Amino acid sequence: MSTLLVEGGTVVTASGAQRADVLVDGEQVVALLAPGGPARPPEGCRRIDATGKLVVPGGIDVHTHMEMPFGGTRSADTFSSGTRAAAHGGTTTIVDFAIQPRGGSAREGLETWAARAEGHCAIDFGFHMILSDVTEPVLKEMPGLVDDGVTSFKLFMAYPGVFYSDDGQILRAMQTAAGCGALVMMHAENGIAIDVLVSQALARGAGDPRMHGETRPSVLEGEATHRAVVLAGVAGCPLYIVHLSATEALAEVAAARDAGRQVFAETCPQYLFLDEALMAAPGFEGAKYVCSPPIRARAHHEALWRGLGTGDLSVVSTDHCPFCMKDQKELGRGDFSKIPNGLPGVEHRMDLVYQGVVDGRLSLARWVELTSTAPARLFGMYPKKGSLLPGADADLVVYDPDRRHTLSASSHHMAVDYSAYEGTEVTGGVDVVVSRGEVVVEHGEFTGTEGHGRFVPRAPFGGLDVPARGPNAVGRP
Ligand code: URP
Ligand code: ZN
Ligand code: ZN
């Protein structure tokens, strides 16, 4: 295995910034060297010039859906295309969602997803488990999955008849999670009430994409978030609200955290940047923006940016779930409830959140924390992932803070025929990406290999603290 020196850059981690050279041996970071200091890199190592650039831990996107069956089709990125696109955007680990088939076992779902991912990923990957049918046998499977490094379980308060769990099922799953060190992730929207509003809209002939937003009001996200927090409290289980989009939901999370509860939440770039008015675009164009929860009005975006700054929101992930307009989103022409839900975004997360640094809303360290370190901590991967400590996996990004570029379907690498951010100009861009010591992207070119990515077994939930033990603790014998 070769050695690599990333020299001349400013190393930014969640704890701050310093001028340092990063020395990599094989797959691991071995040292941060002070520039001009006494420690010298080995002769003949490969050098990457990071002068004028930031050097940050590789991004970690803990919410992706590659090849996900949904609404009679399957999300357009495979593990191969989706992880390449992620790498182009500076993400070196994804955690995707395996799905328990209704009437089947969770283990079966995990095996299906593992077979899709193994040998195809360009970067490392882990799995959460979606429980779509919480039964006694499935509850019994949970501890075994935790032992195998699948330590987080997603439940849905939305999508009755598909993924939905009722409050009793949720409570049982939370109790089981509390007993085996798992984290419960919640899709918090009141799906029963939403389905009433959807039926009423369709009955009066209102089938346009804009109705997707109107039938999923933010109060129903707030209500479900409140219920999830209460149920997690009864079960004594940590809770992570996924894709939080609304001020009402944020207030529930903030109140729980103020009360000292282990309640965390992520938001996604679409809820920070995309206005609900986009769903009312002429013709069927609004379908491009149909995801759940729906994109919301500007006032919500402002509150979410504040939540990222205050710490009430812990993570930015993408909920990358791309469907092409052609043949996929089109399934819902005339009936918005049949538009496959989801947006592409895995490639743009680091750049979009970086705009918070450009605008002065976030510090550099907070940018790294939200996109890499906090996801690693909350999902049992820190400090092997999400840090540049000696012994950590050599997942890193050389990031140009000044490069300006425009997001577009004509230049992105995701396997989808539109961009939700078409024409958006951003400042800051990825120069070089290293995944476990392998240079996988260099100045816009993919230089990695399909199948380089490995499964990351994750430790049980440990909060935002540094674990002393577990499969990803540095120095583990
Ligand atoms: O619209 C969305 N979010 N699609 C993906 C599935 C989910 O609920 O995360
Ligand atoms: Zn969801
Ligand atoms: Zn999702």
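Residues numbered from 1 in each chain as written. Chains lettered and ligands numbered in written order. Predicted model: local features only at pLDDT ≥ 70, side-chain atom pairs only at ≥ 80, totals over all residues. Heavy atoms only, no water.

K.L.:
Where do I start with the overall build of the chain in this structure?
P.N.:
On a plain count of helices and strands, the chain comes out with 12 helices and 21 strands. The principal-axis extents of the C-alpha atoms in the chain amount to approximately 75 × 50 × 40 Å. A total of 477 residues make up the chain; the buried ones form 63% of that total. Of the contacts formed within the chain by residues at least 6 apart in sequence, a portion of 75% connects residues at least 24 apart. On the chain, roughly 16500 Å² of surface is accessible, and the fraction owed to carbon and sulfur atoms is 51%. Of the side-chain charges in the chain, 40 are positive and 57 negative, and the distance between the mean point of each set is 2 Å. (Helix = DSSP H or I, 4+ residues; strand = E, 2+ residues; numbered from the N terminus. Buried < 20%, exposed > 50% of the residue type's maximum accessible area, 1.4 Å probe, protein only. Contact = heavy atoms within 4.5 Å. Areas by Shrake-Rupley, 256 points an atom, 1.4 Å probe, with all protein chains shown as cover. Lys, Arg positive; Asp, Glu negative; His and termini not counted. Charge placed at Lys NZ, Arg CZ, Asp CG, Glu CD.)

K.L.:
So what exactly am I meant to see when it comes to the site of ligand 1 here?
P.N.:
Residues in contact with ligand 1 amount to 13 residues; listed here are only the nearest, Lys-154, His-187, Ser-292, Asp-319 and Asn-341. Contact between ligand 1 and Lys-154: an oxygen atom at 3.0 Å from a side-chain N or O atom of the residue. A distance of 3.1 Å separates an oxygen atom of ligand 1 from a polar atom in the side chain of His-187. Here the residues of the shell around ligand 1 sort into 4 nonpolar, 7 polar and 2 charged. (Near = heavy atom within 4 Å. Polar contact = N/O pair within 3.5 Å; in protein donor to acceptor, adjacent residues only side chain to side chain. Nonpolar A, V, L, I, M, F, W, Y, C, P; charged D, E, K, R; others polar.)

K.L.:
It is not clear to me how the coordination of the zinc ion (ligand 2) should be interpreted in this structure. Could you clarify?
P.N.:
Tetrahedral coordination by four donors puts the ideal angle at the metal at 109.5 degrees, and octahedral coordination by six puts it at 90 or 180 degrees. Within the protein, Lys-154 (NZ), His-187 (ND1) and His-243 (NE2) serve as the donor atoms for the zinc ion (ligand 2), at 2.1 to 2.2 Å. As a motif over one chain, the donors of the zinc ion (ligand 2) read K-x32-H-x55-H. A spacing of 4.0 Å is found between the zinc ion (ligand 2) and the zinc ion (ligand 3). With Lys-154 in strand β13 (residues 152–156) and His-187 in strand β14 (residues 183–187), the pair connects residues that are 33 residues apart, well separated along the chain. A relative accessible area of 2% places Lys-154 in the buried class. (Donors = N, O, S within 2.8 Å, 3.2 Å for Na, K, Ca; no water.)

K.L.:
Looking at this structure, how should I read the packing of helix α2 (residues 106–117) against helix α3 (residues 136–147)?
P.N.:
Between two packed helices, the angle of one axis relative to the other and the distance separating the axes together describe the packing. The N-to-C vectors of α2 and α3 enclose an angle of 40°; their axes lie 9 Å apart at closest approach. The pairing of α2 with α3 is recorded here as oblique in orientation. Residue-level inspection shows Ala-106, Arg-107 and Leu-110 of α2 in contact with α3, the latter providing Glu-141, Gly-144 and Leu-145. A per-class count over the contact of α2 with α3 returns 3 nonpolar, 1 polar and 2 charged. (Axes fitted to C-alpha atoms, helices over the stretch in contact; angles between N-to-C directions. Parallel < 35°, antiparallel > 145°, perpendicular 65-115°, else oblique.)

K.L.:
Sorry if this is basic, but what is going on with unusual backbone geometry here?
P.N.:
It is generally the case that most residues other than glycine have a negative phi and that most peptide bonds are trans. Pro-293 follows Ser-292 through a cis peptide bond whose omega is -10°. Its location among the elements puts Pro-293 in the loop between α9 (269–273) and α10 (298–310). Between Tyr-382 and Pro-383 the backbone carries a cis peptide bond, its omega angle lying at 0°. Mapped onto the elements, Pro-383 comes out in the loop between α12 (364–378) and β18 (396–407). Even without being glycine, Tyr-159 reaches a positive phi, approximately 60°. Here Tyr-159 lies in the loop between β13 and α4 (167–180). Looking at Tyr-159, the relative accessible area reads 15%, which means it is buried.

K.L.:
Would you mind going over the sheet that holds strand β1 (residues 3–7) with me for this structure?
P.N.:
In spatial order, the strands read β5-β4-β1-β6; together these 4 strands make up an open sheet with mixed pairing. Of all strands in the sheet, those with a lone pairing partner are β5 (28–33) and β6 (46–49), marking the two edges. Taken pair by pair, the neighbouring strands of this sheet meet at an average axis angle of 20°, ignoring direction. Sheet topology note: the strand β4 (residues 21–25)/β5 ladder contains 5 bridges and is antiparallel. Counted as the bridge partner of Val-22 is Leu-32 from β5. (Pairing = 2+ DSSP bridges.)

K.L.:
What is the right way to look at the state of the cysteines in this model?
P.N.:
Applying the stated criterion to the full structure yields 0 disulfides. Free of any disulfide, Cys-237 has its nearest neighbouring cysteine sulfur in Cys-180, separated by 9.1 Å. Judged by its relative accessible area of 5%, Cys-237 falls in the buried class. (Disulfide = S-S within 2.5 Å.)

K.L.:
Looking at this structure, I do not really get the coordination of the zinc ion (ligand 3). What am I missing?
P.N.:
Protein-derived coordination of the zinc ion (ligand 3) comes from His-63 (NE2), His-65 (NE2) and Asp-319 (OD), at a distance range of 1.9 to 2.1 Å. Each of the 4 donor atoms around the zinc ion (ligand 3) contributes to a set of angles spanning 88 to 132°, which defines the coordination as tetrahedral. Judged by its relative accessible area of 8%, Asp-319 is buried. (Tetrahedral: all angles 85-135°; square planar, octahedral: opposite > 155°, others 65-115°.)

K.L.:
I keep staring at the packing of aromatic side chains and nothing clicks. Help me out?
P.N.:
By convention here, two paired aromatic rings are described through the distance between centres and the angle between planes. Tallied over the entire structure, the rule returns 15 aromatic pairs. Sitting above the plane of the Tyr-382 ring, Arg-377 keeps its charged end 4.2 Å from the centroid. (Phe/Tyr/Trp six-rings, centres within 6.5 Å; stacked < 30°, edge-to-face > 60°. Lys NZ or Arg CZ within 6 Å of the ring centre and 35° of its normal.)

K.L.:
Before we go on, may I ask you to explain the side chain of Thr-83 in this structure?
P.N.:
Here Thr-83 lies in helix α1 (residues 79–88). Residue Thr-83 is classed as buried on the basis of its relative accessible area of 0%. Among all residues touching Thr-83, those that are not within four sequence positions of it are Met-66, Thr-78, Ile-94, His-120, Cys-121, Ala-122 and Ile-123.

Any functional reading would require information beyond the geometric quantities listed.
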